[in-house]
Amino acid sequence: MIEDKKVSKILYGGDYNPTQWPEEIWQEDMRLFSLAKVDVVSINIFDWALNQPDEETYDFSILDKVMDLLRKNNIKVCLGTGTAAHPAWMAKKYPDILRVEFNGMKRKFGGRHNSCPNSPTFKKYASEMVKHLSLRYKDYNNIVAWHVSNEYGGACYCENCEKQFRVWLKRKYKTIERLNEAWNTRFWGHTFYSFDEIVVPNLLSEHFEVERTMFQGISLDYARFNSDSMLENFITERNILKKITPNIQITTNFMGFYKPLDYFKWAKYLDFIAWDNYPSNDTSYEKIAMSHDLMRGLKGGKPFALMEQTPSVTNWLPYNALKRPGVMRLWSYEAVAHGSDTVMFFQMRRTIGACEKFHGALIDHVGNENTRVFRECSKLGEELQLIGDKVLGGRIEAKVAIVFDWDNWWAIEYSAGPSLDLKYVDEVFKYYKELMDLNIPVDIISTDDVLDKYEVVIAPVLYMIKKGYKDKLEDYVAKGGTFVTTFFSGIVNENDKVKLGGYPGDIRKLMGIWVEEIDALPKGVFNEIVVEEKFKELKGSYKAELLCDIIHLEGAEMVARYGKDFYKDTPCITKNKFKEGEAWYVATSCEDTFLSKFINYLCVKKNIKPILCAQKDIEVTRRVKEDREITFVLNHSEEIKNIVLDKKYKDILKDEIYKKESEIKLNAKGVLVLESI
Ligand code: GLA
Ligand code: ZN
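Where an unreviewed UniProt entry is consulted, the chain appears under the name Beta-galactosidase, with the organism given as Clostridium felsineum. Of the chain, the UniProt comment under Sequence similarities (unreviewed entry) reads exactly: "Belongs to the glycosyl hydrolase 42 family." Reading the Catalytic activity (unreviewed entry) entry of the UniProt record for the chain gives the comment "Hydrolysis of terminal non-reducing beta-D-galactose residues in beta-D-galactosides."

**Student:** I'd love a proper account of the overall build of the chain, names of residues and values included.
**Tutor:** Scanning the chain from terminus to terminus reveals 17 helices and 27 strands. Taking 2.2 N^0.38 as the reference for a compact globule, 677 residues should give roughly 26 Å; the C-alpha atoms of the chain span a radius of gyration of 26 Å, in line with that estimate. Dimensions of the chain, computed from the C-alpha atoms along their principal axes, are close to 75 × 75 × 40 Å. Counting over 677 residues, the chain shows a buried share of 60%. Of the contacts formed within the chain by residues at least 6 apart in sequence, a portion of 72% connects residues at least 24 apart. Total accessible area on the chain is roughly 27,400 Å²; 51% of this is exposed by carbon and sulfur atoms. Across the chain, the centroid of the 95 positively charged side chains sits 2 Å from that of the 100 negatively charged ones.

**Student:** Explain the coordination of the zinc ion (ligand 2) to me, using residue names and the numbers behind them.
**Tutor:** At this site the zinc ion (ligand 2) is bound by Cys116 (SG), Cys156 (SG), Cys158 (SG) and Cys161 (SG), with donor distances of 2.2 to 2.3 Å. In this structure, the zinc ion (ligand 2) is coordinated by four donor atoms arranged in tetrahedral fashion, with angles at the metal of 101 to 117°. Judged by relative accessible area, which is 0%, cysteine 156 ranks as buried. The exposure class of cysteine 158 is buried, given its relative accessible area of 5%.

**Student:** Tell me what's going on with helix H8 (residues 216-244), and back it up with residues and numbers.
**Tutor:** For H8, which comprises 29 residues, the first-to-last C-alpha distance of 42 Å matches the rise-based estimate of 42 Å (1.5 Å per residue) to within 8%. Burial analysis of H8 places 23 of its 29 residues in the buried class, which makes it a mostly covered element.

**Student:** Go over the packing of aromatic side chains, please, and point to the residues and values.
**Tutor:** Here the structure, examined in full by the defined rule, presents 42 aromatic pairs. Pairing tyrosine 222 with phenylalanine 225 gives two aromatic rings, centres 5.2 Å apart and planes at 50°, and the pair type is tilted. Residue tyrosine 222 and its partner phenylalanine 225 are both found in helix H8; the two are separated by three residues, about one turn of the helix. Considered together, tyrosine 222 and phenylalanine 225 belong to a single accessibility category, that of buried residues. Looking at arginine 71, its charged tip hangs above the ring of tyrosine 140, at a distance of 4.0 Å from the centre. Over the face of the ring belonging to phenylalanine 429 we find lysine 287, whose NZ or CZ atom lies 4.5 Å from the ring centre.

**Student:** Please set out the nonpolar core residue by residue, giving values where relevant.
**Tutor:** Membership of the largest hydrophobic core comes to 192 residues, with the highest contact counts inside it found for Phe33, Ile43, Leu298, Tyr333, Phe404 and Phe483. Taken domain by domain, this core gets at least three of its residues from each of domain 2 (400-605) and domain 3 (618-676). Discounting residues that sit within four places of it in the chain, phenylalanine 483 has contacts with Val457, Ala459, Leu462, Leu473, Tyr476, Val477, Leu510, Met511, Glu582, Ala583 and Trp584. Membership of the second largest hydrophobic core comes to 23 residues, among which are Phe165, Leu179, Phe192 and Ile198.

**Student:** I'd love a proper account of the sheet that holds strand S2 (residues 40-43), names of residues and values included.
**Tutor:** Spatially, six strands are ordered S5-S4-S3-S2-S1-S9 in an open sheet, and the strand pairing comes out parallel. Whereas interior strands pair on both sides, the edge strands pair on one side only; in this sheet they are strand S5 (250-251) and strand S9 (342-346). Relative to S9, strand S1 (residues 11-15) runs parallel, the two sharing five bridges. Across the sheet, tyrosine 12 pairs through a bridge with valine 343, a residue of S9.

**Student:** So what's going on with the pairing of strand S4 (residues 143-147)? Residues and values would help.
**Tutor:** Most of S4 sits out of view: five of its five residues are buried. Sheet analysis places S4 next to S5, joined by two bridges and oriented parallel. Among the inter-strand pairings, histidine 147 is bridged to a residue of S5, identified as threonine 251.

**Student:** Give a description of the side chain of asparagine 527 that names residues and reports values.
**Tutor:** Here asparagine 527 is to be found in strand S15 (residues 527-531). A relative accessible area of 3% places asparagine 527 in the buried class. Within the local environment of asparagine 527, its side chain forms a polar contact with the backbone nitrogen of glycine 563, the two atoms lying 3.4 Å apart. A polar side-chain atom of asparagine 527 sits 3.0 Å from the main-chain amide nitrogen of lysine 564. What asparagine 527 contacts, discounting residues up to four positions off in sequence, is Leu521, Tyr542, Lys543, Ala544, Cys548, Tyr562, Gly563, Lys564, Asp565 and Tyr567.

**Student:** Quick one: what's the story with the pairing of strand S12 (residues 456-459), residue by residue and with numbers?
**Tutor:** Burial along S12 is two-sided: the face carrying Val456 and Ile458 and the face carrying Val457 and Ala459 are both buried. One ladder, built from three bridges, connects strand S10 (residues 400-403) with S12; its direction is parallel. Among the inter-strand pairings, valine 400 is bridged to a residue of S12, identified as valine 456. Bridging between S12 and strand S13 (residues 482-486) involves four bridges; their strand directions are parallel.

**Student:** Now, about the domain arrangement of the chain: what can you tell me, with residues and values included?
**Tutor:** Looking at the chain, the domain boundaries give domain 1 (159-220), domain 2 (400-605) and domain 3 (618-676). Of note, the centres of domain 2 and domain 3, computed from C-alpha atoms alone, are 35 Å apart.

**Student:** Mind laying out the sheet that holds strand S22 (residues 628-635), listing which residues take part and the relevant values?
**Tutor:** Strand order in the open sheet made by the five strands is S21-S22-S27-S24-S25, with antiparallel pairing throughout. Only two strands of the sheet have a single neighbouring strand rather than two, namely strand S21 (618-625) and strand S25 (656-658). Neighbour to neighbour, the strand axes of the sheet diverge by 30° on average, direction disregarded. Of the pairings in the sheet, the one linking strand S24 (residues 649-651) to strand S27 (residues 671-676) comprises three bridges and is antiparallel in character. Counterpart to tyrosine 649 in the pairing with S27 is serine 676. Lying on the sheet, helix H11 (residues 327-337) is in contact with S21, S22 and S27; it crosses S22 at an angle near 145°.

About the criteria used
Residues numbered from 1 in each chain as written. Chains lettered and ligands numbered in written order. Predicted model: local features only at pLDDT ≥ 70, side-chain atom pairs only at ≥ 80, totals over all residues. Heavy atoms only, no water. UniProt positions renumbered as here; feature names shortened; annotations may be inferred. Helix = DSSP H or I, 4+ residues; strand = E, 2+ residues; numbered from the N terminus. Rg over C-alpha atoms; globule rule 2.2 N^0.38 Å. Buried < 20%, exposed > 50% of the residue type's maximum accessible area, 1.4 Å probe, protein only. Contact = heavy atoms within 4.5 Å. Areas by Shrake-Rupley, 256 points an atom, 1.4 Å probe, with all protein chains shown as cover. Lys, Arg positive; Asp, Glu negative; His and termini not counted. Charge placed at Lys NZ, Arg CZ, Asp CG, Glu CD. Donors = N, O, S within 2.8 Å, 3.2 Å for Na, K, Ca; no water. Tetrahedral: all angles 85-135°; square planar, octahedral: opposite > 155°, others 65-115°. Expected span 1.5 Å × (residues − 1). Phe/Tyr/Trp six-rings, centres within 6.5 Å; stacked < 30°, edge-to-face > 60°. Lys NZ or Arg CZ within 6 Å of the ring centre and 35° of its normal. Core = buried A, V, L, I, M, F, W, Y, C linked by side-chain atoms within 4.5 Å. Domains from an automatic or database assignment. Pairing = 2+ DSSP bridges. Polar contact = N/O pair within 3.5 Å; in protein donor to acceptor, adjacent residues only side chain to side chain. Axes fitted to C-alpha atoms, helices over the stretch in contact; angles between N-to-C directions.

Right under this line is the structure:
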C-alpha cells in the first residue's frame, strides 16, 4: 500500500463493515464512495465468527461477494485477517483463549481484542484462518495490504502466560542465578531456586496498582514479555501471509504512544507502519504531530499510513464533541505533512447497534450524502485527487532527533520514587513542542538508530542506559554533535539496576558532572533557574519543577544555577565540551519560556533553520522526494493568519503561482499545499 506500484495517489477511505448490512445497502455504498472519491477500504477486521461458524467449517460466501463488489468498483482493499475477536463457540469450547485480567479475574466471552496471546487454541485457529483467507484471496489484484488483527494491546495474566513467561525468562537468563542477579532478588527475600517458582506480576503478587510494583525487575520483564507475546502472534500470521502472498505488504494498526507495546521492536516485522489517530478536540496540534513523528520514526523515516481517524466524532470519550468544520481536513493534512501516504477513517458507514453506533462515519444514520461530514469528506477526496502522487514517498529531512525508548518508559514509570508525577512522554513532549513551534523538523528515533546525521540529539530523561549506548553517545559528541539530556538520567542498566559510582552513571564523563542527590518538588512547588550572565540569549530567571538534580561540576560549565533552597547557587544547567562537540545537562523540568529560548539557542548555534518562519499556531513541514519538495502550511488557530513565503511556490490545491515574498492570507483551520518551483 505504501510504495506499492498499484498506488499512484494518497489512498482515501477506511474501515468498512458491509457484513453488518443487508446487500441492498452495498450498492448505495458504492455510489457514495464514488461521490466521496473513496478508493480504499479496510474490511474483514472483525469477521472471524462470521467466516468460521464452527471448528471445521469455513464459509467465505459473504466475504467473496464483498471482495467481488469492491473489485468491480475499483476499490482497493486492505484485507483484515479478522483475528482481533475470537468466535463465541471457540471461547466456550476452549476457555484457554480467554484472557485473565490484571486483578486475576478470568474473563468470559465478550468484547474484542480478547484472546490470550499465549493460548494454544488462539495460535492454532488464528493460523488456520489466515491460511484459508490468503489462499482464497491471493489472486485478487486489488489487495494493497494485509491488515493483521487490529490494535494489538492490553495484557494477559493467565496460567498459559505464566508458563510461557518462565520459558521466556529461561531463554533470556539461561540460569536462575543470573535471573536472581538481574532482579536483585535478595531484596525482600525473593531468591528463586527454580523458574517454576516465578509467578506473573499483577495485583495478586507484586503490584498494588498497574503502574506500581514492589519488584521492578520482574514487572519490567513482564512488560517486555507481553509485548513480545503479541508480537509473536503478529509474526505467526505474517509468516503465513508472506509465504502465500509474497507480493502483498503486511501491516497492523498501531496507536501512537501506546505504552504496552514496544513498537520499535515490532516495526521491523511490518512492511509499513499504520496507525490510528484519535485526538480529542483539545489535544494540541503539536501533540498530534509528535505521534505522527514517532510513527514515522519507527521505520527510520519511511512514510506511514494513517489507518484510522474519525471523520467527525468518537463514542468512547466522556464528552464526544464533534470535530469542528475544517478540523477533519486540517488533521488529515497534518498526518500527510508528517509522512502519511494515506488518509483513512473509521468508519465508512455508521453502525446501528452496539457501542459504536454514535461513532462518526462518512455515511451517517440518515444514509445519504446530504450531511456536513459527507460534504467535508468529499471535498477532501477531491483535493487528494488533485495532489495525486506528488507527496507519495516524500521524506522529512530533520537535523534534530529526539530519542524515545519503550524500556526506558516502562522503567521510569515503574520506579518507586522520586516522583509519581514524572511522566516520560510529557517530558519528551516539552522538548518536541518547542521544536515544532519553531517549525524545525524532528525525527523521533530509538536507541538503535544512528546519530551521525543529526546536528542535535535530545534524550529527555534517559534513565536507562543500555549496553553500548554510552559509546554511541560519546562517539557522536566527540565528532561534533550536540547532545542534550535531562535530570534523572544515566541511573540504571537494562535490568533497572543502579549503576554504581555516581549518577549519571555511564555518561558521567560525557556530561562532565556528578549528580549527588535528587529533590522531588510537590505539585505547585517551584525552584528557580537563574541563567549566568554570559549566556545572554537565555537570560532571565525561570521556573524549575518536578525534579531537581543537585549536581557538581566535573569539567562542565555552569549555564544556569538554582535560585532557591539549600542548593541555591548550585548548577542546574550545564554544558560540557567533549572533544569536538557539546553535552548539555538540564537538571530540572523547565518552564516552557526557558525551553523555547534554549532550543532556539541550540538551533541558531548549529545553523538549523525553520522551514518557514511563521506566526504562532502555524505549522509548516516539508516532504522531499528526489528534486520535488512539497511544503504544508497549516493554520491551527481560530483566526486568519498572514504567511510570507520564502520563495516561489505553486499552490497545488488552487493551481496558482505565488512569487517569493508574497503574503498569503490563510483562513482559520486553513491549509496550503505548496510545491517549490
Ligand atoms: C479503534 C478500532 C476501531 C474502532 C475505533 C473507534 O481505532 O481499531 O475498530 O473501534 O477505534 O474509535
Ligand atoms: Zn494468557
